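# Observations on chain architecture
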Amino acid sequence: MSDAQGQGRQPEAVKTVDDDTDRQPMSTLDAWVRSMAHPEPASLGRLPAHSPTCAGCGSENPAGLALVVDATEDGVRAVHRFDRRQEGAPGIAHGGLVAAAFDDLFGFLLYRVGELAVTRSLTVEYLRPVLLGTDYEFTAKVRTREGRRLHVDASAVETDGRRVATADATFIIVDVDHFEQGRATTLP
Ligand SMILES: CCCCCCCC(=O)SCCNC(=O)CCNC(=O)[C@H](O)C(C)(C)COP(=O)(O)OP(=O)(O)OC[C@H]1O[C@@H](n2cnc3c(N)ncnc32)[C@H](O)[C@@H]1OP(=O)(O)O
């Protein structure tokens, strides 16, 4: 992506900005599509959120996980601590939210491969309870690429190195037109 210096660029996803060409207001989707249209491999360091309101990594989503993700030599990494908003059983993170963390982390690999892709399948192995208020290191990498398919792997580990969960997923590379389907959404 254009934030190759790892400065944490936020895509212009939720801002209404002036279109340089016709001076008409640009929609949220137009701005997001424009910002995501040309993903480029990023250098090491902090990666930009998918959008400010992304449920996985957007800092402006009060219900989101607000993952903070760095590019590493072989993939991506986030240290994350779940809180009460992600509770399932008392004191334990809900499995669906752990899956969401993996899914969103996988979405950051797109910055590393320079393609747009979406989740087609996601499998999580819950090895141990993921506790609220505890730091976990999430890492992910691309295992293989076959045509439009990206096979990706991830794990979450405690500070002592014990794995609490692993995940693998298939992402399918899509054209930016895929996201035009979001136009059907009519939320205020
Ligand atoms: C910028 C992104 C931000 C990231 C945010 C975090 C990630 C997300 O939340 S993404 C959102 C959740 N995912 C979605 O909404 C995706 C919804 N699904 C779709 O839109 C479509 O099914 C889509 C685009 C994935 C694939 O549709 P389509 O293009 O018709 O693909 P299709 O022809 O069925 O399959 C494509 C290829 O994948 C293969 N494939 C399909 N399913 C699988 C699977 N489960 N495992 C392995 N391969 C598969 C097919 O065999 C085919 O292979 P090939 O190209 O070699 O023939």
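Conventions and cut-offs
Residues numbered from 1 in each chain as written. Predicted model: local features only at pLDDT ≥ 70, side-chain atom pairs only at ≥ 80, totals over all residues. Heavy atoms only, no water. Buried < 20%, exposed > 50% of the residue type's maximum accessible area, 1.4 Å probe, protein only. Helix = DSSP H or I, 4+ residues; strand = E, 2+ residues; numbered from the N terminus. Pairing = 2+ DSSP bridges. Contact = heavy atoms within 4.5 Å. Polar contact = N/O pair within 3.5 Å; in protein donor to acceptor, adjacent residues only side chain to side chain. Core = buried A, V, L, I, M, F, W, Y, C linked by side-chain atoms within 4.5 Å. pLDDT = per-residue confidence, 0-100.

Alternating positions in strand β5 (residues 76–81) separate cleanly, V76, A78 and H80 being buried on one face and R77, V79 and R81 remaining unburied on the opposite face. Summarising the sheet, strand β4 (residues 69–71) and β5 pair through three bridges and their orientation is antiparallel. Among the inter-strand pairings, A71 is bridged to a residue of β5, identified as V76. Connecting β4 to the antiparallel partner β5 that follows it, the hairpin turn spans four residues. Relative to strand β7 (residues 135–146), β5 is paired through six bridges, and the arrangement is antiparallel.

Before going further, it helps to spend a moment on the environment of N61. Within the secondary structure layout, N61 lies in the loop between β3 (45–46) and β4. Taking the C-alpha atoms as reference points, N61 and G75, separated by 14 residues in sequence, lie 25 Å from one another. In this view, N61 contacts P52, T53, C54 and A55; residues no more than four positions away in its chain are not counted. At 2.9 Å, the side chain of N61 and the backbone oxygen of T53 are in polar contact. For N61, the side chain forms a polar contact with the main-chain nitrogen of A63, separated by 2.9 Å.

Formed by 39 residues in total, the largest nonpolar core has its most connected members in V69, V76, F82, F102, F106, F138 and F171. At the level of secondary structure, the elements contributing two or more residues to this core comprise β4, β5, α2 (95–113), β6 (117–126), β7, β8 (149–157) and β9 (163–173). With ten residues, α2 is the largest single contributor of residues to this core. Once residues lying within four places of it in the same chain are set aside, the contact partners of F106 are L122, A140, V152, D153, A154, A167, D168, A169 and F171. Among the nonpolar cores identified, the runner-up in size contains six residues, and W32, V33, V174 and V176 belong to it.

Taken over all residues, the pLDDT of the protein chain has a mean of 84, while the share at 70 or more is 79%. Note that pLDDT drops below 50 for residues 1–24; the model gives that stretch 59 contacts with residues more than four away or on any other chain. Listed scores for the predicted complex are pTM 0.85 and ipTM 0.89.

With a phi angle near 55 degrees, A66 is a residue other than glycine that sits in the positive phi range. Note on A66: relative accessible area 35%, which makes it partly exposed.

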